[in-house]
Structure formats: structure tokens, C-alpha cells
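# Survey of secondary and tertiary structure
What follows is each chain in one-letter form.
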There are 2 protein chains.
Amino acid sequence: MKARVHITLKNGVLDPQGKAVQTALTGLGFGGVKDVRQGKFIEIELAETDKAAAQAAVEQMCKTLLANTVIENYQVELVG
Amino acid sequence: MKARVHITLKNGVLDPQGKAVQTALTGLGFGGVKDVRQGKFIEIELAETDKAAAQAAVEQMCKTLLANTVIENYQVELVG
């Protein structure tokens, strides 16, 4: 089973990396870029076949390693 | 209009960051983690309201700045 995890900064948390991308895009001539937020995307291939167990395991992984839950949100999506 | 962009390493390209996460997860006691691939997730808020024009603009942004197309794939998804 495959898990797709999105880790994004919480609203209100400054995103200097996103701001840098926004400035670079504007500098390259792309008009109308109002905001850019950059996050992480992690694909995890699991041996687990039970959907509920896989979901619980990946959420635990997010809490302990993948996301900094003080400033980041995570979203887990299971595929296949 | 909002664009969600996924940037992932192409198949066959080594992903040391993903491997490090995999090793860390296994070390933390998470069994059955067969593979981890890490990519980027970028949310772009655009002033553009035409879907086709927005798609074209974001694809151009990916080609010129956001993705290294030699080793990375990008996927653009428009929301709202």
C-alpha cells in the first residue's frame, strides 16, 4: 500500500522559501502571482495491506518524524 | 485561482533524502517501510481566472524555475 503525505506550513506561519519563489517568479516576468507556499510531499511504500492500520501508522510517522506539528499540518492519503 | 504543484524525482533518480527518512522511520520502530520518496509541494495563488491560461503559466513556471526537468517531474492541478 502506498501513502501520499502532504506537509504544509500552518496558516499564519511565515514561509520565507515560498516568498523567495514568489519574488523569483515575479522577477522572471510571471505577473499575477499573489502568493506562494512551499511544502513537502512524501510518498511512502508500505508492506501493510490493511487500510486503517496503514493510516494509523503513517499518522504516527508524521507526528514523530515527518512533520513539526507546532508549525506544520499533515495530510495522509492512501492509494492502492 | 489556486494551483497545486507536485514536484517529484523521476524514477531511477537516487533520492538520498527519501532514503534517510526511510532509515530513520525503521530506526524508530516503524516496520514494513519499503520505500520513501520525497518531493516538493507548492501552492501558487494566481490572479489569472482563465483555467487554460493559468495551466499554461504554471507549466511555464515549472519549466523555468520550480522543477529541474532533467531529474524531476512536475504535475499541475488547478483548484477553484
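Residues numbered from 1 in each chain as written. Chains lettered and ligands numbered in written order. Predicted model: local features only at pLDDT ≥ 70, side-chain atom pairs only at ≥ 80, totals over all residues. Heavy atoms only, no water.

### Brief notes about the confidence of the model for chain A
- Looking at chain A as a whole, the pLDDT averages 96, with 100% of positions reaching at least 70.
- Of the two predicted TM-score estimates for the complex, the pTM is 0.93 and the ipTM is 0.92. (pLDDT = per-residue confidence, 0-100.)

### With respect to the pattern of salt bridges
- If you walk through the whole model with that rule in mind, you get five salt bridges over all chains.
- The partner of K2(A) in a salt bridge is E43(A), and the shortest N-O contact between them spans 4.0 Å. On the criterion of sequence distance, the pair formed by K2(A) in strand β1 (residues 2–9) and E43(A) in strand β2 (residues 33–46) is long-range, its members being 41 residues apart.
- With relative accessibility at 34%, the residue K2(A) sits in the partly exposed group.
- According to the relative accessible area criterion, E43(A) is buried, its value standing at 18%.
- The salt bridge partner of K19(B) is D35(B), with a shortest N-O separation of 3.4 Å. Here D35(B) lies in strand β2 (residues 33–46) and K19(B) lies in helix α1 (residues 16–27), a separation of 16 residues in the sequence.
- Judged by its relative accessible area of 27%, D35(B) is partly exposed. (Salt bridge = Lys/Arg side-chain N within 4 Å of Asp/Glu carboxyl O. Helix = DSSP H or I, 4+ residues; strand = E, 2+ residues; numbered from the N terminus. Buried < 20%, exposed > 50% of the residue type's maximum accessible area, 1.4 Å probe, protein only.)

### Observations concerning the interface of chain B and chain A
- Counting residues at the interface gives 30 residues for chain B, matched by 30 residues for chain A.
- Between chain B and chain A lies a buried interface of about 2,600 Å² when both sides are counted; carbon and sulfur atoms form 69% of it.
- Taken together, chain B and chain A are joined by zero salt bridges.
- Between the two partners, chain B and chain A, sit eleven residue pairs in polar contact (both at pLDDT 80 or more).
- Of all the elements in the fold, those that place two or more residues in the side of chain B that touches chain A are β1 (2–9), α1, β2 and α2 (51–66) of chain B.
- Among the elements that line the side of chain B that touches chain A, the one with the most residues is β2(B), at 14 residues.
- Sheet topology note: the β2(A)/β2(B) ladder contains 13 bridges and is antiparallel. When the bridges of β2(B) are listed, E43(A) appears paired with R37(B). (Contact = heavy atoms within 4.5 Å. Buried area = accessible area lost by both parts, 1.4 Å probe. Polar contact = N/O pair within 3.5 Å; in protein donor to acceptor, adjacent residues only side chain to side chain. Pairing = 2+ DSSP bridges.)

### Regarding the environment of L25(B)
- Examined against the element boundaries, L25(B) turns out to sit in helix α1.
- Its relative accessible area of 0% is what places L25(B) among the buried residues.
- Through-space distance from the C-alpha of L25(B) to that of V36(B) is 9.7 Å; in sequence the pair is eleven residues apart.
- Once residues lying within four places of it in the same chain are set aside, the contact partners of L25(B) are M61(A), L65(A), F30(B), V33(B) and V36(B).

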